[in-house]
There are 2 protein chains.
Amino acid sequence: MPDLTQSSVHNRLLAKLCPEDFDLLQRSLEPVTLNRGDVLITPHQPIEHVHFLEAGITSIIANTAGGRRIEIGLTGRDGLAGTPVLLGVDSTPHETFMQIGGSGLRIETERLRQAIRQSSSLHSLLLRYVQAFTIQTSHTALSNGSHRIEERLARWLLMCHDRVDGDDLALTHEFIALMLGVRRASVTEALNILEEREIIQANRGNVVVLDRLRLEETAGDSYGVPEAEYERLIGSFR
Amino acid sequence: MPDLTQSSVHNRLLAKLCPEDFDLLQRSLEPVTLNRGDVLITPHQPIEHVHFLEAGITSIIANTAGGRRIEIGLTGRDGLAGTPVLLGVDSTPHETFMQIGGSGLRIETERLRQAIRQSSSLHSLLLRYVQAFTIQTSHTALSNGSHRIEERLARWLLMCHDRVDGDDLALTHEFIALMLGVRRASVTEALNILEEREIIQANRGNVVVLDRLRLEETAGDSYGVPEAEYERLIGSFR
DNA sequence: CGGCAAATGTGCGGTACCGTACATTTGTCG
DNA sequence: CGACAAATGTACGGTACCGCACATTTGCCG
């Protein structure tokens with residue numbers, strides 16, 4: 001494997017580690033390409049690897065026996081896929097898959113376990129990320145319960161935009177609808193409104209953020225709390 | 001302080017500790033009475049104590065700048081108030097308060113920090129609880145986004161019922177409405193339907209669970225996943 | 001026991017969103 | 001280039017829930 005240097009890493013967590021902690025992981029990190037749709041964690045199956053994302057976005061999905069599905073959080077290079085491992089748990093009822101393709105550095109679950117046993121500063125940073133992610137999930141719960149679709153859509157686009165280079169988001173209405181747990185037609189309508197206001201530009205399978213500031217205005221108070229908490233606990237997204 | 005023995009403790013987490021870990025905490029645990037409305041964690045303020053609940057229920061509430069409030073999880077003797085401490089974080093944007101009065105054993109944050117540094121088996125159990133609680137929050141997000149009020153109400157009553165002795169829940173419609181993030185009138189209506197079916201009996205400021213099985217039927221697939229996960233990770237509620 | 005606030009019942013118009021269905025556009029691939 | 005599927009636009013009636021307002025009941029306290 002070619003040398004992996006900390007300064008060339010895009011993942012915010014890996015970049016934030018002290019050099020000793022990075023060295024502890026470095027040999028075990030394996031670069032992987034992650035295509036849209038790739039399943040990183042299957043419900044109720046042992047988590048084989050933890051993925052530190054370098055590019056792209058994962059969705060974490062909760063589902064019911066009745067087949068209801070909804071996104072409860074997302075992660076890009078701000079974090080990792082496999083938080084249960086950090087809490088000493090081997091599997092979860094949730095699914096994690098690539099929402100927007102990219103790449104990552106993966107580590108075998110058992111090796112990460114060894115590393116966090118050896119370094120409390122490593123464990124500590126990763127647990128702080130778990131806390132930040134928990135706040136994100138909580139605000140998804142809040143938003144699902146008390147915001148209109150337009151606000152929720154704006155929040156969701158902002159969260160994706162935060163985690164991507166540039167302003168293009170390769171997303172279909174159908175997919176967004178699944179994430180938000182609403183009708184596809186409702187998404188179409190809400191996107192059209194945003195497009196009329198020239199806040200976004202929607203092409204087939206693609207959404208371009210034109211005016212981020214006004215997108216934030218549209219999101220209102222549905223956006224911001226988890227992001228501020230991430231900055232406080234981990235540092236800047238970028 | 002009179003001796004506190006592990007066998008006399010009702011809290012599920014404390015009861016589950018190995019005797020050595022319990023001894024580690026025992027001297028630092030201080031019994032407290034917790035009245036309805038007592039605030040255990042104030043948003044953005046340092047968490048002074050972690051509370052292991054012996055009786056009663058706490059609500060964890062997310063709120064927005066715009067004043068929106070909604071419950072994102074609840075805890076009784078199945079858990080503790082102060083999960084951020086276990087993740088190495090000193091404060092949170094969420095509020096935690098007593099929803100139903102009771103009692104608990106509290107420990108100073110710093111002392112708990114010392115203890116989890118000393119005992120990895122202690123830390124491990126408490127982190128597994130964090131994971132179980134995370135699943136609860138996730139399913140609150142799911143439920144808020146995809147279930148009707150009647151189902152959400154049923155789920156919520158079941159979650160309270162799980163954490164209380166007997167079948168009485170001291171709750172007003174107004175309060176339930178706040179927790180679910182809906183109109184008070186909607187709660188009144190939904191409760192009346194449940195009462196007509198003789199699933200519950202509602203008196204002023206009080207709800208009695210008459211037929212738990214049919215309450216579970218009413219909740220449908222909104223209830224169950226987090227509870228199963230708690231059992232897998234920690235053990236039985238009771 | 002009478003008065004008062006808290007809790008509950010109820011009604012009305014409005015709207016956000018649903019389920020469903022179907023037409024139209026757009027990129028892709030033989 | 002023509003066919004085909006995927007993606008998007010749009011329309012319809014239906015319903016769950018909202019915001020608001022007001023009446024009624026209930027326990028409590030002076």
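Residues numbered from 1 in each chain as written. Chains lettered and ligands numbered in written order. Predicted model: local features only at pLDDT ≥ 70, side-chain atom pairs only at ≥ 80, totals over all residues. Heavy atoms only, no water.

Asker: Would you take a moment to explain the interface of chain B and chain A for this structure?
Answerer: A common way to state how big an interface is: give the accessible area lost once the parts meet. On the chain A side, the residues contacting the 43 residues of chain B number 43 residues. Both sides together, the interface formed by chain B and chain A hides about 3,200 Å², and carbon and sulfur atoms give 64% of it. Among the residues chain B hides against chain A, the three largest losses belong to L87, Q131 and L142 of chain B. Together they make up 16% of the total. Scanning the region where chain B abuts chain A turns up two salt bridges. Put simply, R232 of chain B and D90 of chain A hold a salt bridge, and the shortest N to O gap is 3.2 Å. At the junction of chain B with chain A, the criterion picks out 12 residue pairs in polar contact (both at pLDDT 80 or more). Those elements that provide at least two residues to the side of chain B that touches chain A are β3 (49-63), β4 (69-75), α3 (83-86), α5 (120-146) and α10 (225-233) of chain B. Here the side of chain B that touches chain A gets 17 residues from one element, more than from any other, and that element is α5 of chain B. Counted by class, the side of chain B that touches chain A contains 16 nonpolar, 21 polar and six charged residues. (Contact = heavy atoms within 4.5 Å. Buried area = accessible area lost by both parts, 1.4 Å probe. Salt bridge = Lys/Arg side-chain N within 4 Å of Asp/Glu carboxyl O. Polar contact = N/O pair within 3.5 Å; in protein donor to acceptor, adjacent residues only side chain to side chain. Helix = DSSP H or I, 4+ residues; strand = E, 2+ residues; numbered from the N terminus. Nonpolar A, V, L, I, M, F, W, Y, C, P; charged D, E, K, R; others polar.)

Asker: I tried to follow the environment of D23 of chain A on my own but got confused; where do I start?
Answerer: Residue and element names in this part refer to chain A. As for its placement among the helices and strands, D23 is situated in helix α2 (residues 19-26). D23 gets classed as exposed once you look at its relative accessible area, which sits at 51%. For D23 and V225, which are 202 residues apart along the polypeptide, the C-alpha to C-alpha distance reads 33 Å. (Buried < 20%, exposed > 50% of the residue type's maximum accessible area, 1.4 Å probe, protein only.)

Asker: Got a minute to help me understand the side chain of N206 of chain A in this structure?
Answerer: Note on placement: N206 of chain A falls in strand β9 (residues 206-209). The contacts of N206 of chain A, once residues within four sequence positions are left out, are D168, L169, A170, L171 and Q201 of chain A.

Asker: How should I be thinking about the sheet that holds strand β8 (residues 200-203) of chain A in this particular structure?
Answerer: In a beta sheet, neighbouring strands pair by backbone hydrogen bonds and run either parallel or antiparallel. Taking strand neighbours across the sheet as the criterion, the three strands line up as β7-β9-β8 (chain A) in an open arrangement whose pairing is antiparallel. Every other strand in the sheet has two partners, leaving β7 (168-169) and β8 of chain A as the edge strands with one partner each. (Pairing = 2+ DSSP bridges.)

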